[in-house]
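# A closer look at the structure
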Amino acid sequence: MSRPWFSPTPVIQGRIHRTTLLVTVALLLLLMRFWYLQILEGRYYATLSIHNRLRLRLVEAPRGFILDRSGAVIVENRPSFSVYVTPADIPDVDEAARAIGAVLRQAPEEIAARIRAGQARPAYPVLVAREVSEPTMVAIEERKMNLPGVSVRVQPTRAYLDGDVAAHLLGYVSEVTQEQLYRDEYRDFQSGETVGQTGVERLFDAFVRGINGREEIEVDARGRLVRFLDRLEPQSGFNLVLTLDAKLQHAAEKAFAGKRGAVVAMHPQTGEILAWVSRPSYDPNLFAQRLSRESWEKLITDPAHPLQNRPLQAQYAPGSILKLVVMAAGLDTGALTPGTTFACPGYFTLGAVTFDDWEKGGHGRQDLMQAVAHSCNVYFYQAALKTGIDAIARVAREFGLGQKTGIAAVGDEAAGLVPTPAWKRSVLGESWYPGDTVITGIGQGMILVTPLQIVTMVAAIANGGTLHRPWMVKRVESWGGEVVAAYGPEPVRRVNLSPQVLELLRQGMLGVVEDGTGKAARVRGVQVAGKTGTAQVVRKEARISGQTKDHGWFVAFAPYTDPEIAIVVIAENAGFGGVVAAPVARAVLEAAFGPPRGRETVAQGPGARE
Amino acid sequence: MYLDRRMLANIDWRIAGTTLALIGVGILTIWSANLGSPSPPRQTLYLRQALYAALALLGLLTATFINYRTIARFAYVIFGVVLALLILVSVAGEVGRGAQRWIQVGGWTFQPSEFMKLALIVVLARYFEDHKERLGHPRLLVIPAMVALPPMVLILKQPDLGTAVLLGLLTVSVLLLVGLRVKHLVFLTAAGATMAPLLWSFLKDYQRRRVLVFLNPELDPSGAGYHIAQSKIAVGSGEFFGKGLKAASQSQLHFLPASQTDFILAVLAEQWGFIGCLVILLLYYVLITRGLEIAGESKDIFGALLAFGIMAMITVQLVVNVGMVVGIMPVVGIPLPLLSYGGSSLVVTCIGIGLVMSVHLRRFLY
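All values reported here derive from a predicted model rather than from experimental measurement. (Residues numbered from 1 in each chain as written. Chains lettered and ligands numbered in written order. Predicted model: local features only at pLDDT ≥ 70, side-chain atom pairs only at ≥ 80, totals over all residues. Heavy atoms only, no water.)

## With respect to the overall build of chain A
- Within chain A one finds 24 helices and 23 strands.
- For chain A, the residues scored as buried account for 56% of the 610 residues in total.
- Residue pairs at least 24 apart in sequence account for 71% of intrachain contacts in chain A once pairs closer than 6 positions are excluded. (Helix = DSSP H or I, 4+ residues; strand = E, 2+ residues; numbered from the N terminus. Buried < 20%, exposed > 50% of the residue type's maximum accessible area, 1.4 Å probe, protein only. Contact = heavy atoms within 4.5 Å.)

Here it is in structure tokens:
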């Protein structure tokens with residue numbers, strides 16, 4: 001050990017002593033400052049604190065824009081007038097509420113309640129009305145003397161340029177609610193602030209909302225502005241670039257007009273959402289402008305459930321779409337080969353029960369490819385029996401059915417249901433009958449799927465077996481175009497099926513469009529592969545909705561080699577999928593690949609797009 | 001960890017007592033500042049602070065009974081680890097920045113920048129101990145300045161100007177202790193000034209904007225910044241005896257911004273008046289002067305610099321924060337040590353105090 005140190009160095013010790021002296025002086029100076037403020041000037045500040053005339057008001061930051069994948073603006077902001085009341089400047093709440101209510105033509109009770117809610121922070125103005133009209137503005141200015149504490153300000157209001165288009169994916173914004181203010185995650189929010197409530201607006205709220213600024217002002221005894229003291233400029237939020245393709249979205253919305261149900265288009269190689277239609281829809285602009293109570297009641301009591309995000313939350317029987325799963329399971333276990341034939345006389349009898357085909361006279365003897373192309377029920381009754389429910393259920397789960405896709409979304413994603421004998425025994429307490437297998441073979445019975453699960457499955461078939469988690473925001477960008485955050489494909493897993501089986505599925509789907517039930521989806525110049533489906537509306541469901549017509553399904557991917565789009569269409573209570581859903585898919589595929597509308601093009605061969 | 005009765009008997013109760021008192025006052029003030037808040041999560045903030053305090057005291061005890069020579073041995077490792085964490089935050093935090101509120105829903109976030117204060121003190125102390133024969137040599141002062149720069153840049157980029165400036169002041173005060181002359185200081189300042197444009201060029205567009213907005217209140221020429229004005233009203237209206245816990249209208253009515261973090265002293269001054277402020281400053285005075293005494297009594301350079309650096313950290317934060325609250329210094333986001341709401345700051349300060357006590361405990365032992 002080295003020589004023991006009894007002190008570092010006398011020099012340093014001396015400096016430490018001098019530091020002590022310095023600290024003493026510094027603290028004495030601070031104490032003198034306290035003496036000055038609290039004793040010498042104390043009375044003055046005490047008076048100021050009683051008549052505190054400084055006001056701090058929020059300057060809301062404009063939210064970032066939302067753009068489609070090519071940069072087209074879908075959501076922006078536009079200026080609108082808002083009316084605020086500062087509780088500290090109001091002598092009598094009820095009287096003030098009456099006066100304000102008379103000018104705004106609003107119920108005074110509601111205004112009084114808003115002001116009272118803001119009384120805990122009396123220096124902060126409370127928002128009482130948004131989207132005030134020009135004449136009302138004039139009326140307020142005229143009566144300013146009788147309206148203490150009232151101020152009008154211009155604020156950015158969210159504008160959804162295409163109204164109800166893609167509303168469920170975009171979401172909407174509204175004022176932060178009282179219930180939200182009570183929650184920990186909204187601790188930093190103030191009453192009246194705008195916040196994303198659903199969809200992308202909510203999911204990416206932290207990026208889009210920006211940073212609010214504030215204004216420091218001095219007011220007179222009636223709460224009127226005397227002068228500005230300081231202003232901290234708000235910083236607008238970041239822009240979102242979606243994976244959505246506005247062209248496809250519009251084509252889908254147009255083709256689906258008047259129908260109920262869902263359309264989702266996805267890029268099969270990446271899982272990017274290209275189009276997202278949920279109908280009936282709603283206009284998110286109404287929420288941004290503050291929805292009236294009646295409009296809200298109307299939205300939530302509408303039997304067609306316009307607020308439901310159908311691709312994510314609606315569960316349907318898959319109908320004949322499930323034949324793809326049965327086919328894959330049969331091929332995988334060896335129960336079926338492309339050469340396996342069954343006869344179809346138009347019905348199939350199992351014990352005492354007869355199961356019909358949708359074609360009265362039957363399809364005759366068919367092999368697997370023909371049966372898929374013509375969606376022969378009788379063939380698949382027998383194929384399902386031969387394959388067995390366990391293999392079918394296993395492959396269904398392999399394709400992601402019966403489980404959430406895991407998409408980042410607001411609102412509960414439905415998981416669907418893949419029934420198995422074990423499930424039926426434990427949940428319903430009944431045994432599994434061969435008849436259950438038979439109807440599961442054509443996607444009826446207890447099985448339930450969501451449109452999003454189905455498009456994810458179709459994408460996996462198209463891309464050679466990779467199940468992707470769907471996603472819809474590509475990038476978060478600053479106004480200068482700098483990338484703040486970027487997102488990419490999220491493969492969930494590879495489907496455990498051989499490449500040969502997947503290839504046969506694709507060939508089968510090609511046959512459906514080229515020469516089967518899906519001819520309505522043919523697009524000139526592009527090879528389309530698809531599958532039709534028709535889900536019977538069961539009696540219980542029909543009794544509730546009063547609708548007895550079947551749901552029409554159609555799924556597709558295109559181009560056949562090197563697919564760029566996978567799509568699902570479901571039209572509720574509309575009839576045969578090949579008739580009602582396939583044309584919708586065609587319209588979307590035409591928008592993506594087909595010749596420009598209204599103009600004959602000369603050479604539009606398969607390679608013309610490249 | 002080595003413990004015996006002589007060490008226990010040598011625990012410095014002046015330091016321990018003032019620390020506990022200040023933490024207690026902090027919790028009480030956070031509780032009362034949010035009494036009238038309409039938001040239930042805010043009303044229970046003081047409970048969270050109590051939890052942080054328990055954690056911080058655990059850190060204090062651990063640091064006290066660790067032989068600080070062990071800290072000296074691992075000084076460079078400690079600095080490296082904290083620096084790596086800072087880099088991690090700047091890389092991973094890039095994505096999470098805009099989404100901070102989104103990701104840290106109610107949870108506790110770890111701030112490496114706070115721990116960097118201690119790490120920097122430790123590494124500087126070790127460096128000068130290694131070169132104790134040539135203390136005061138000008139060349140010895142350049143390397144430490146270079147060591148302090150990377151963390152300062154990283155923290156500035158976060159952007160957290162307050163902590164970055166604090167690190168700078170810390171470095172300067174340690175350098176002054178080991179023999180930095182005023183003319184060297186001028187040289188270093190000039191060097192720093194030439195670095196500034198380079199630093200600026202590192203920042204992204206929106207970050208620059210944030211830094212500018214951050215700087216704005218300081219540059220306010222009218223001096224009529226809302227924060228300062230309201231804070232002065234709160235402090236002044238407390239007069240001699242204060243308004244009492246519940247009658248403090250400035251803080252109750254939420255005229256005061258950041259009433260439980262940076263401006264907590266304004267709440268306290270309104271509630272307890274000049275008497276309260278006097279007591280608080282006295283507590284800090286006892287804590288700091290005792291800490292400096294311990295630095296002077298240390299048997300080695302590392303212990304002396306460690307204790308001195310930690311006391312410098314507390315003093316600078318105290319003076320800057322109080323100066324801001326009474327309106328004689330610009331608004332930079334620096335919390336009041338031991339009193340302000342916030343977990344990382346409290347834990348770091350307490351660990352620091354524990355280290356000072358460790359230096360004290362081992363002044364005779366070897």
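Once you've had a look at it, read on.
## Points about helix H16 (residues 301–325) of chain B
Residue and element names in this part refer to chain B.
- For H16, which comprises 25 residues, the first-to-last C-alpha distance of 36 Å matches the rise-based estimate of 36 Å (1.5 Å per residue) to within 8%.
- With 25 of 25 residues buried, H16 is to be regarded as a mostly interior element.
- Positioned one or two residues after H16, Gly327 has a phi angle of 80 degrees, which is positive. (Expected span 1.5 Å × (residues − 1).)

## With respect to the nonpolar core
- By size, the foremost hydrophobic cluster in this structure holds 116 residues, and its most contacted members are Phe34 of chain A together with Met116, Leu306 and Ile310 of chain B.
- Broken down by element, the residue count for this core peaks at 18 residues, all from H16 of chain B.
- In contact with Leu306 of chain B, not counting residues within four places along its chain, are Tyr68, Ile121, Val122, Ala125, Leu355 and Val359 of chain B. (Core = buried A, V, L, I, M, F, W, Y, C linked by side-chain atoms within 4.5 Å.)

## Comments concerning the pattern of salt bridges
Residues and elements named next belong to chain A.
- If you walk through the whole model with that rule in mind, you get 31 salt bridges over all chains.
- In this structure, the salt-bridge partner of Glu201 is Arg63, at a minimum N-O distance of 2.9 Å. Of the two residues, Glu201 sits in helix H8 (residues 199–203) while Arg63 sits in the loop between strand S1 (54–59) and strand S2 (66–67), which places them 138 residues apart along the sequence.
- Using a relative accessible area of 0% as the deciding quantity, one classes Glu201 as buried.
- Note that Asp205 is salt-bridged to Arg63, the shortest N-O span being 2.9 Å. With Asp205 in helix H9 (residues 205–208) and Arg63 in the loop between S1 and S2, this pair connects stretches of sequence that are 142 residues apart. A single burial state applies to Asp205 and to Arg63, both of which are buried.
- Linked through salt bridges whose partners overlap, the residues forming this network are Arg63, Arg158, Glu193, Glu201, Asp205 and Arg209. (Salt bridge = Lys/Arg side-chain N within 4 Å of Asp/Glu carboxyl O.)

## Notes on the sheet that holds strand S21 (residues 529–535) of chain A
Residues and elements named next belong to chain A.
- With respect to topology, 5 strands assemble into an open sheet ordered S12-S11-S23-S22-S21, the strand pairing being antiparallel. Either end of the sheet is taken by a strand with one partner, and the two such strands are strand S12 (273–279) and S21. Ignoring which end each strand starts from, the neighbouring axes of this sheet average 5 degrees apart.
- Pairing of strand S11 (residues 261–266) with S12 involves 6 bridges; the strand directions are antiparallel. Directly across from Ala262, in S12, lies its bridge partner Ser278.
- Packed on one face of the sheet, helix H21 (residues 499–515) meets S21 and strand S22 (551–558) and runs near 75 degrees to S21. (Pairing = 2+ DSSP bridges. Axes fitted to C-alpha atoms, helices over the stretch in contact; angles between N-to-C directions.)

## Description of the pairing of strand S14 (residues 347–350) of chain A
- Bridging between S14 of chain A and strand S15 (residues 353–356) of chain A involves 4 bridges; their strand directions are antiparallel. By the bridge assignment, Phe348 of chain A is partnered in S15 of chain A with Phe355 of chain A.

## Concerning helix H4 (residues 108–117) of chain A
Residues and elements named next belong to chain A.
- Residues of H4 that are buried: Ile111, Ala112 and Ile115. Looking down the long axis of H4, one finds its buried residues gathered within 100 degrees of arc, a one-sided arrangement.
- Where the residues of H4 are buried, they touch strand S3 (73–85), helix H3 (93–104) and strand S4 (126–129). (Arc of directions from axis to C-beta.)

## Quick notes on the packing of aromatic side chains
All names here are of chain A.
- In this structure the tally under the stated criterion is 23 aromatic pairs over all chains.
- Judged by centre distance (5.5 Å) and plane angle (50 degrees), the rings of Phe355 and Tyr381 are tilted. Linking Phe355 in strand S15 with Tyr381 in helix H16 (residues 377–387), this pair joins segments that are 26 residues apart in sequence.
- Its relative accessible area of 13% is what places Phe355 among the buried residues. (Phe/Tyr/Trp six-rings, centres within 6.5 Å; stacked < 30°, edge-to-face > 60°.)

## Structural notes on the confidence of the model for chain B
Residue and element names in this part refer to chain B.
- Per-residue confidence for chain B gives a mean pLDDT of 80, with 79% of residues at or over 70.
- Within chain B, helix H15 (residues 264–297) carries the highest mean pLDDT (94), whereas helix H7 (residues 100–103) carries the lowest (30).
- Between residues 94–108, whose pLDDT stays under 50, and residues either more than four places distant or in other chains, the model counts 32 contacts.
- For residues 217–224, every residue scores under 50 in pLDDT, and the model assigns this stretch 9 contacts once sequence neighbours within four places are set aside.
- Scoring of the predicted complex yields 0.66 for pTM and 0.87 for ipTM. (pLDDT = per-residue confidence, 0-100.)

## Observations regarding unusual backbone geometry
All names here are of chain A.
- The amide bond that connects Arg279 to the next residue, Pro280, takes the cis arrangement and shows omega of 0 degrees.
- Mapped onto the fold, Pro280 is located in the loop between S12 and helix H11 (284–288).
- The step from Ala558 to Pro559 runs through a cis peptide bond, and the omega angle for that step is -10 degrees.
- Within the fold, Pro559 resides in the loop between S22 and strand S23 (565–571).
- Phi at Asp562 is positive, roughly 60 degrees, even though this residue is not glycine.
- Structurally, the position occupied by Asp562 is in the loop between S22 and S23.

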